Structures are given as C-alpha cells and as structure tokens.
Amino acid sequence: MNVQSLFSVQGKVVLVTGGSRGIGEMIATGFVQGGAIVYISSRSAKACDEVAAKLNALGPGKCIAVPADLQSVDDIKKLVAELTKRETHLDVLVNNAGATWGAPLDTYPDEAFQKVMNLNVTRIFTLTQACLPLLRANATKDIPSRVINIGSINGETPPGLETYAYSASKAAVHHLTRHLAGKMGQQHILVNAIAPGSFPSKMMAATLKSHGDSIISGVPVGRVGTPEDIAGTCIYLASRAGQYTVGAVIVVDGGALQSSSRL
C-alpha cells in the first residue's frame, strides 16, 4: 500500500461551488495544492478571477474561474455547458455554495426562507442532476466519481441562533446526500456530505465577532476550524482512501456537537 497515492487527487477535475471565499476557497486551495484541475464558481466574476489567480500562483494544480449565480437554473445550465466545453468528464463535484439568514421567529421573512432553501437544497439537486453526464463519463467501479455536499452541524442539531431556514436546509442536505448515495453509488458516483462546525468564513464572520468566545468555549479542542481541516476531509473523500465511504455525513467540528456548552 502506497499511502502517498492513497490520498492523491493529482489530475482530478473538480468543481467547487462558492469557491471564491470561505470554506469553498479553503477546499479549492487544497485540491489545487494536491495537483487537481479546479473550477470555482460564485456570483462575482471579479472574486472568482482573483481567487483563481491566487491559487494558480500556488500550484501545482490549476484553478479556472467560471462565475455563475446558482440561484438561477439558467446560470447552472450555462456553468455546466462551459465545463462541458472545457472537459470531457468531472471527477469531483463539491456542492458548497450556500446562504443563511437570521431573524426572530415572529418576523422571519418568507422570501428569505425561500431563498435559503432554494440555494442550499434545491439547487444542489439541480446542479448535481445537470452534472450527471460529466460525472458518469469516466466513472468506473475501480475509480468512481464523487459528489461532496457541504452541510453543517446545524443540520445535525438546532443552533441557539434564529437561523431557521439554514438549519432546516442543512438537515435536508444531509438526508438528500443519503438518498442520492444509494442510487448514484450504483452508477459509480459516490455521494457523501461534510458537516462543518465553526470556520472563519464570511458567513460566520458576524457570528464569530459577536459570539466568538462562547463558540470556542463550546469546542473541546479550543479553536475554530482551519483550511487544512476542511480540505483534508474533502481530499480523503475524493481520493482512493475514501472509496468505501458512501452516504456518510462526516462531522468536522472539533467535537462541538459533543459539548454541552455549544452555542
């Protein structure tokens, strides 16, 4: 057994949605440094271009920006069409793009709930469905393709914060992952999810600023997550090492779910 090749993602074609910031950028960075060909997508073309340039300077893999608004079915079609022009197949799809919204129960806006559920759940299904021909193209029993959905520990247990749509959407992502895994596994496409805890992302910035001490006190290892923590889990799932892991929701939270003082 060659441990180095066990975790190799060299030459794999990867799409990371929401790849221009936060956890998505952390994941994209790990794949590029592992020698993969990484496509990143987000609404902002400028942000995508800037991150792609930064990651290309790191190597040894490469990063290509393909901006798209994943709330839009038309943009998803354009994204997949552009990917199809450039590549004959897709080895790894990382469904990371997401949104959150916090508001009191009595005044939680319907449009906000719909927006969060649409991006965080419905469009994960839409994009995965649209990518099926690319995911199937090179998939074999010995070298399967992968879909990695980014959920949240808030999908495992409700948070104290009033982010109703977010926690509901992430619970749905976890269950959708399990449902897809059974069907897509038969087609040599392995579907898993990661449920991150607290990471220094743009989405978490305000929460960490106002509740950082409380959050960290509820994490047994005493810190928030790092890029290595999330990228390492993705690389495990995308490599030979994770080839017998199917339909799993891997919690990456420093033990926060086990802490009675978690926010």
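Scroll up a little and you will see the structure.
Residues numbered from 1 in each chain as written. Predicted model: local features only at pLDDT ≥ 70, side-chain atom pairs only at ≥ 80, totals over all residues. Heavy atoms only, no water.

Draft legend 1. Focus on the overall build of the protein chain. Secondary structure assignment for the protein chain yields 9 helices and 7 strands. Overall, the C-alpha framework of the protein chain stretches about 50 × 45 × 40 Å when taken along its three principal axes. The proportion of buried residues among the 263 residues of the protein chain is 52%. At a minimum sequence separation of 6, the contacts of the protein chain that also span at least 24 residues come to 76%. Accessible surface, the protein chain as shown: approximately 12100 Å² in total, 54% of it carbon and sulfur. Separation of charge centres in the protein chain, based on 23 positive and 19 negative side chains, amounts to 6 Å. (Helix = DSSP H or I, 4+ residues; strand = E, 2+ residues; numbered from the N terminus. Buried < 20%, exposed > 50% of the residue type's maximum accessible area, 1.4 Å probe, protein only. Contact = heavy atoms within 4.5 Å. Areas by Shrake-Rupley, 256 points an atom, 1.4 Å probe, with all protein chains shown as cover. Lys, Arg positive; Asp, Glu negative; His and termini not counted. Charge placed at Lys NZ, Arg CZ, Asp CG, Glu CD.)

Draft legend 2. Local environment of the pairing of strand β2 (residues 37-41). The buried fraction of β2 is high, at 4 of 5 residues. Handedness of the strand β1 (residues 13-17)-helix α2 (residues 22-33)-β2 crossover: right-handed. Note that β2 and strand β3 (residues 62-65) share 4 bridges and pair parallel. The partner of isoleucine 37 across the bridge, within β3, is lysine 62. Of the crossover connections in this fold, the one passing from β2 over helix α3 (residues 45-58) to the parallel β3 is right-handed. (Right-handed = clockwise from strand over helix to strand, strands pointing away. Pairing = 2+ DSSP bridges.)

Draft legend 3. The nonpolar core, seen in detail. Core analysis: the largest hydrophobic core is formed by 31 residues, its most contacted members being Leu15, Leu70, Leu90, Leu93, Leu127 and Cys131. Mapped onto this core, the elements with two or more residues apiece are β1, α4 (73-86), α5 (110-130), α6 (132-137), α7 (164-185) and β6 (189-196). A total of 5 residues in this core trace back to one element, the largest contributor, which is α7. Sequence-distant contacts of leucine 90, defined by excluding residues within four places in its chain, comprise Val13, Val14, Leu15, Leu83, Cys131, Leu134, Leu135 and Ser145. Counting 30 residues, the second largest nonpolar core, distinct from the first, contains Ile23, Val92, Ile194 and Phe199. (Core = buried A, V, L, I, M, F, W, Y, C linked by side-chain atoms within 4.5 Å.)

Draft legend 4. Fine view of the side chain of serine 152. Relative to the helices and strands, serine 152 is located in the loop between β5 (145-150) and α7. On the accessibility criterion, serine 152 (4% relative accessible area) is buried. Those residues within four positions of serine 152 in sequence are excluded, and the remaining contacts are Tyr166, Lys170, His174, Ile194, Ala195 and Pro196.

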